[in-house]
Amino acid sequence: MSSLSRARVARRIAAGAAYGGGGIGLLGAAAVGVVLAEVQLAKRQVGHGRSPHPPSADGLYGYVYAGGEEPLRLTMLGDSTAAGQGVYRARQTPGALLASGLAAVAERPVRLRNVALPGAQSDDLDRQVRLVLADPDGLPEVCVIMVGANDVTHRMPATRSVRHLSAAVRRLRTAGAEVIVGTCPDLGTIEPVHRPLRWFARRASRQLAAAQTIGTVEQGGRTVSLGDLLGPEFAENPRELFGPDSYHPSAEGYATAAMAVLPTVCAALGLWPAEEERPDVSRREGFLPVARAAAEAASEPGTEVAAAMPTGPRGPWALLKRRRRRRVPETDPAPTST
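Predicted model, so just to flag it, every value in this text is computed and none were measured.

Turning our eyes to something else, we now look at the confidence of the model for the chain. Per-chain confidence: the chain averages 78 in pLDDT, with 69% of residues scoring 70 or above. The low-confidence segment residues 230–234, where pLDDT is below 50, has 17 contacts with residues more than four positions distant or belonging to other chains. Contacts from residues 239–243, a stretch scored under 50 in pLDDT, to residues over four places away or in other chains number 22 contacts.

Okay, here's the thing in C-alpha cells:
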C-alpha cells in the first residue's frame, strides 16, 4: 500500500474514532478465516505470547544526582511491551532504560512508575490513566504509551482502538504531562507468524500505527514509530532481538526501542539541543499534513511525528523528524525505592 493510500485509510480511521464510527476494521472479511487459523497456530508456537511476569522496575533512577532538583516523574502505560515482558532483570525493561537515559540527559533523578499490563488492549488505557491521575501530588511530567499489538491480534476495530488512545492522551495532556506514544509494532516480524498472516499482520499494524499517530498528534502528543522494533536488524537477527518466547523483545530489542524513543522524550521536556529541533532537509524532515506524516512514519521505524501548525487547507500539519538514535546510558545497578 502506498503512503498516500495509507494516509487516506488512517484519516478515515481517525475520523471514525473522533466522530463515533466503529465499522472500519483492519482486515477484509474474506481474509478473516485464514488469518484466525494462522493466529491460533502462532499462539500455540509462542505459548500464547506468555513468558514470566515482567520484573518490577519502579523506583528512583539517577540517584547519583539526588540532593538537587526534585526527581522527574516518568510513567509507562500500555501492554506487555511497555511492561517489559520477556526479560528477567528490571534494568532491561524499556521503562528502566528510558528512566536511566532521561536521568543522564537531565542530570537529575527520575522516578519511574509503570502501570502497563501484559495482554492489555487500548480499552484498558482508561483504567491505567485513572491509576496515573489518582495521586494529584505525583502526576508525571512525561508518559510513554506503548500499545496496539493486542488490538490487531484480537481484531479490535481500529476506530475503537484509536478512540481509546486519543482519550488517554487528551486526559494526560490536560493533567499537564507530555505524552509520547510508541505506535503499534510490526507484527509481521514475529517469527512463528506465517504467510499469509505475515502480510496481513504487517498491513494491519501499519494502518493502526498511522491512525494512532493522527489521534495522538491531534491531542497534543508525539509519536515514535516502532515498526519492526526499530531497524532491519530486528528481522535480520531475530535470535538476538526476540526474547525466549519468540514473541516479545529480548533485552537487546528493548534497548533498540529505547534508543529510538529517548530523544523524543527528552525533546518533549525541552532537554534536547535546540538546533536539533529544526527540520533537517538532508534527513527528509519537514512539515506535512498530519495524515501524510503519519503514513510515512508508519513505514519507517524510529520516525517521530509532533504537532506543528494548527491547520491548513488539508487539515492539521505535523513535523516529521528522523532523529539520530542515541545510545541509552548504562542503567543503574537497580532502582532505589526511596
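Glancing now at the pattern of salt bridges. Across all of its chains, the model carries 16 salt bridges by this definition. One salt bridge in this structure joins Glu178 and Arg173, with 3.7 Å as the shortest N-O distance. Here Glu178 falls in the partly exposed class, since its relative accessible area comes to 23%. Taking the relative accessible area as the measure of exposure, Arg173 reaches 28% and is therefore partly exposed. A salt bridge links Glu285 to Arg283; the shortest N-O distance between them is 3.2 Å. By the burial criterion, Glu285 is buried, and Arg283 matches it. Among the ionic contacts, a cluster of salt bridges with common partners joins Arg284, Arg292, Glu296, Glu300 and Arg322.

In the sheet, strand β1 (residues 59–61) pairs with strand β3 (residues 110–114) via three bridges, with the strands oriented antiparallel. Residue pairing in the sheet places Gly59 in a bridge with Leu112 of β3.

Spatial ordering of the open sheet is given by β1-β3-β2-β4-β5-β6-β8-β9-β7, a layout of nine strands whose pairing is mixed. Two strands in the sheet have a free side with no partner beyond their single neighbour: β1 and β7 (286–289). For this sheet, the mean inter-axis angle between neighbouring strands, taken without regard to orientation, is 25°. When strand β8 (residues 304–307) meets strand β9 (residues 317–321), the two strands line up antiparallel, connected through four bridges. Pairing of Glu304 across the sheet is with Lys321, part of β9. Here helix α4 (residues 94–106) sits on the sheet in contact with β1, β2 (72–78), β3 and β4 (142–146), set at roughly 155° to β2. Helix α11 (residues 251–268) rests against β4, β5 (178–182), β6 (222–224) and β8 of the sheet, and its axis sits at about 165° to β6.

With that settled, the discussion passes to helix α5 (residues 125–133). Along α5, the positions that sit buried rather than exposed are Leu125, Gln128, Val129 and Val132. The buried residues of α5 occupy an angular sector of 100° when the element is viewed end-on, so they sit on one face. In this fold, the buried residues of α5 make contact with β2, β3, β4 and α7 (158–174).

Below, the discussion takes up the side chain of Ser205. Note that Ser205 resides in helix α8 (residues 197–218). Overall, Ser205 belongs to the buried group, its relative accessible area being 1%. Not counting the four nearest positions on each side in its chain, Ser205 is found in contact with Val152, Cys184, Pro185, Asp186 and Leu187.

For the rest of this paragraph, the subject is the packing of α5 against α7. As a packed pair, α5 and α7 sit with axes 9 Å apart at the nearest point and diverge in direction by 10°. What the angle tells us is that α5 and α7 run roughly parallel. Each of Leu125, Asp126, Val129, Arg130, Val132 and Leu133 in α5 lies in contact with α7, whose residues at this interface are His164, Leu165, Ala168, Arg171 and Leu172. A breakdown of the residues in the contact of α5 with α7 according to their chemical character gives seven nonpolar, one polar and three charged.

The phi torsion at Glu107 lies on the positive side, around 55°, for a residue other than glycine. Within the element layout of this structure, Glu107 appears in the loop between α4 and β3. Look at Arg284: it is not a glycine, yet its phi comes out positive at around 60°. Structurally, Arg284 can be placed in the loop between α11 and β7.

The subject of this paragraph is the side chain of Arg222. Locating Arg222 in the fold gives a position in strand β6. In this structure Arg222 comes out as buried when scored by relative accessible area, which is 18%. Apart from the residues lying within four places of it in its own chain, the contact partners of Arg222 are Val179, Ile180, Val181, Thr216, Thr264, Ala267, Ala268, Glu277, Glu304, Val305, Ala306 and Arg323.

Conventions we followed
- Here the residue numbers are simple positions, counted from 1 along each chain's written sequence.
- Owing to the predicted nature of the model, reporting of local features is limited to residues with pLDDT of at least 70; listing and counting of side-chain atom pairs is limited to 80 or more, with chain, interface and lining totals taken over all residues.
- As a rule here, side-chain values cover all heavy atoms of the structure and leave hydrogens and water aside.
- On a scale of 0 to 100, pLDDT captures the predictor's confidence in every residue.
- The contact criterion used is simple: two residues touch if any of their non-hydrogen atoms lie within 4.5 Å.
- What makes a salt bridge here is a side-chain nitrogen of Lys or Arg within 4 Å of a carboxyl oxygen of Asp or Glu, nothing more.
- Accessibility here uses a 1.4 Å probe with only protein chains present; expressed as a share of the type maximum, an area under 20% marks a residue as buried, one over 50% as exposed, and anything in between as partly exposed.
- Here, strands pair whenever DSSP counts at least two bridges between them.
- Starting at the N terminus, helices and strands are each numbered in turn, a helix being any DSSP run of H or I of at least four residues and a strand any DSSP run of E of at least two.
- Axis definition: a line fitted to C-alpha atoms, over the contacting stretch in the case of helices. Angles run 0 to 180 degrees between N-to-C directions.
- What the arc measures is the spread of directions leading from the helix axis to the C-beta atoms.
- Throughout this description, any angle smaller than 35 degrees is read as roughly parallel, any larger than 145 degrees as roughly antiparallel, any in the 65 to 115 degree range as roughly perpendicular, and the remainder as oblique.
- For this classification, Asp, Glu, Lys and Arg are treated as charged, while Ala, Val, Leu, Ile, Met, Phe, Trp, Tyr, Cys and Pro are nonpolar and the rest, including Gly, are polar.

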